Amino acid sequence: MKPGLLVMWALVAALCAVAFGFVTGVFQPGERVNGLWLVVAAACFYVLALRFYGRFLATHVVELNDQRVTPAYRLHDGTNFYAANKYVLFGHHFAAIAGAGPLLGPVLAAQFGFLPGFLWLVVGAVLAGAVQDFIILVASIRRNGRSLPEIARDEIGLVTGSAVAVAVLFIVVVALAGLGLAVVNALYRNAWGTFTIAMTIPIAFLMGFYLQKFRPGRVGEVSALGVSLLVVAVVAGRAVAQSDLAAWFDLEKLTLVWLLAGYGFLASVLPMWMLLVPRDYLSTFMKVGVVVLLALGVIVLAPPIEMPRVTAFIHGGGPIIPGTMFPFVFITIACGAISGFHSLVSSGTTPKMIARESQAIVGYGAMLMESFVGVMALIAATVLIPGDYLAINTVLSADALAAMGFPVARIEELSRLVEVEVAGRPGGAVSLAVGMASIFAGLPGMARLMAYWYQFALLFEALFILTTIDAGTRVARYLVQEIGGRAYGPLRRINWWPGVIASSAAVVGAWGYLIATGSISTIWPMFGAANQLLGMLALCVGTTVLIKMRKARYLWVTAVPMVFVGAVTLTGAYQLFFLYVAKAGAVGEFDQALPLVVDAILVAVVAVLAIIVLVDSTRKWYGYLVQGWPIRTTEVVAGGGGASPASMHPMASGRLDIPGGHCC
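Given the structure is predicted, the values throughout are model-derived calculations rather than measurements.

Participant: So what's going on with the packing of helix α6 (residues 114–141) against helix α16 (residues 362–382)? Which residues, and what values?
Facilitator: Here α6 crosses α16 at 160 degrees, and the two axes come no closer than 8 Å. It follows from the interaxial angle that α6 and α16 lie roughly antiparallel. The chirality of how α6 crosses α16 is right-handed. Counted by class, the contact of α6 with α16 contains 16 nonpolar, 6 polar and 1 charged residues.

Participant: Can you break down helix α5 (residues 101–109) residue by residue, with the values?
Facilitator: In terms of burial, α5 is largely enclosed, as 9 of its 9 residues are buried. Among the residues making up α5, those that are buried are G101, P102, L103, L104, G105, P106, V107, L108 and A109.

Participant: Which residues make up unusual backbone geometry, and what values go with them?
Facilitator: Of the consecutive residues F326 and P327, the connecting peptide bond is found in the cis state with omega at 10 degrees. Mapped onto the elements, P327 comes out in helix α14 (residues 325–333). With a phi angle near 60 degrees, N144 is a residue other than glycine that sits in the positive phi range. Look at A302: it is not a glycine, yet its phi comes out positive at around 45 degrees. Inspection of the secondary structure assignment puts A302 in the loop between α13 (276–301) and α14.

Participant: So what's going on with the packing of aromatic side chains? Residues and values would help.
Facilitator: Overall, the coordinates contain 22 aromatic pairs when judged by the stated rule. With a centroid separation of 5.7 Å and 65 degrees between ring planes, the pair formed by F20 and F45 is classed as edge-to-face. Within this pair, whereas F20 is found in helix α1 (residues 3–24), its partner F45 is found in helix α2 (residues 35–61), the two being separated by 25 residues in sequence. Taking the relative accessible area as the measure of exposure, F20 reaches 16% and is therefore buried. Measuring from ring centre to ring centre gives 6.4 Å for Y53 and Y364, while their planes differ by 70 degrees; the resulting arrangement is edge-to-face. Taken as a pair, Y53 in helix α2 and Y364 in helix α16 lie far apart in primary sequence, 311 residues in all. Classification of Y53 by relative accessible area gives buried; the value is 14%.

Participant: Residues and numbers for the nonpolar core, please.
Facilitator: In this structure, F118, Y364, Y454 and W511 are the most contacted members of the largest nonpolar core, which totals 208 residues. Ranked by the residues each element gives to this core, the list is headed by α6, at 18 residues. Here Y364 is in contact with A49, L50, Y53, G54, L57, V126, A130, V131 and F134, once residues within four sequence places are set aside. Of all hydrophobic cores here, the second largest spans 5 residues; its members include F195, V240, A246 and F249.

Participant: So what's going on with the side chain of Q532? Residues and values would help.
Facilitator: Positionally, Q532 belongs in helix α23 (residues 520–548). Among the polar contacts listed, one links the side chain of Q532 to the backbone oxygen of I338, at a separation of 2.7 Å. Residues in contact with Q532, not counting those within four places in the same chain, are F330, I331, A334, I338, S339, V565 and T569.

The rules behind these values
Residues numbered from 1 in each chain as written. Predicted model: local features only at pLDDT ≥ 70, side-chain atom pairs only at ≥ 80, totals over all residues. Heavy atoms only, no water. Axes fitted to C-alpha atoms, helices over the stretch in contact; angles between N-to-C directions. Helix = DSSP H or I, 4+ residues; strand = E, 2+ residues; numbered from the N terminus. Parallel < 35°, antiparallel > 145°, perpendicular 65-115°, else oblique. Left-handed = near helix turned anticlockwise from the far one by under 90°. Nonpolar A, V, L, I, M, F, W, Y, C, P; charged D, E, K, R; others polar. Buried < 20%, exposed > 50% of the residue type's maximum accessible area, 1.4 Å probe, protein only. Phe/Tyr/Trp six-rings, centres within 6.5 Å; stacked < 30°, edge-to-face > 60°. Core = buried A, V, L, I, M, F, W, Y, C linked by side-chain atoms within 4.5 Å. Contact = heavy atoms within 4.5 Å. Polar contact = N/O pair within 3.5 Å; in protein donor to acceptor, adjacent residues only side chain to side chain.

Here is the structure:
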């Protein structure tokens, strides 16, 4: 490294250390922390991680090689497999992984104080979440874009593969229910927000046809068109909400649930270029733009963090999330630090769209970006007075909150400013939108636009959620077809329309039922536990992949986070199971107890399956590393004569000619 660059990186590291000192209370422990220090600490940490750890993983651990011909070219079908523009690729991948988790998880976990959530967000993302996403993405690219359960079955064995497949289906359904419930709580009886979100669907269709049929390759044009129409939709939403058309969009929760299910079904069955990819790309502009704008707002305003570093709820008894800080802060944060759901995207849609292996670094970088979203969400929630934060996220009265030591201060004023009653809207979405609107409204000339900023923030959140729902439903459809295809061959063909329709309907029906019968206090902890268990399974599969790549000396990159996440999450699953059983026993009505019983069964099944996978994988690792079992892999090498990656040398064209036109 040149001396100038060395000095620059040293300064970044020093600034990162100073910022962490203020955040953790090493410096000025008795004073409130400024939100600016959280932004600086996180940003510096991510930049250092991407430059050094991400590059280490790419060049030494998996050895990315652009000579390999990716599935996007070898298996091109124009519907599921095709090489996407690299910017569109990033937009799709980031939008697909960045759902409600990084927005709502940190907000809900703020009841424990801002410090535990912040530390897990930044450290967990760098050492666990981004590693999982990247390793699984590379493994899938090198195996014809196969899904995580298929990789597990092929590389570890039938027992692990079957257990992972069943666990993944349970987890995806629970995850989509948790994400969908948040957007339903934010949009019910909110005509402005519902109209704006609804308009993103025809905008996405227009963008898809524009880029695929009308003006192929004109990414700049379609980007400008989509962003312009999105702004128009936000502004027009208020006029619609105040007109006779408002009744069409002023909807109850159950109606929103099934409309959401209908959208998920469409996104699952239509070609990806038509709805899913352009909508994800459009939402990425919104997501990245708003996060950057929010960060600038925090830098300019330097708002103090009102929430203490830790609260009395770290010992349990919190009104939002049950249980103690360990393990529930990790489970609640969920996607912002590590998300098993990401492994489904990394082995679902994204590996089918990558043109060159070097683009796989998107798996590491996009996770860091998502974690930064979580940090900004945490800041937006904790600049609110703690009593107001709890008044929004619970249905407790002001007197009850005051008795807990958190008096309500400005909740009526906030409701008036955003033109919506915000008290008693649990789930995190509303408190996040209020916090974001408060920051934006504090900028020069923005004081009278808080209602617009509130709806804009809800749009921002809903786009995060819906882009995960559409990609997640499609990935779940792939999984259903893969599993069902073992019993009925035609179902395995992902373009066979009867199978596409039946499997998509089954998936949306399952998560729609959970949303309709659950609440944020029951679904979100279950979603967090299931999601983190899937993360452990993905790291488990990643460890096996590294062994079969003969990279045993680097096993610590996946094994260490796997052990930590597994210990935390299995503890949480154990506690949640008995919590749900106790709640079900305390409920007299059968129809009210049934959802809690279902929740308990889901948590128990996923935990048992995770243990089965871990035990079976450990047995195989011992065989490979100690007993010297022969290593066989299903990795596809695009080279004549079965050339190994190490024997492949760069070519001037950047592409590898395949003798006979096929891969071995």
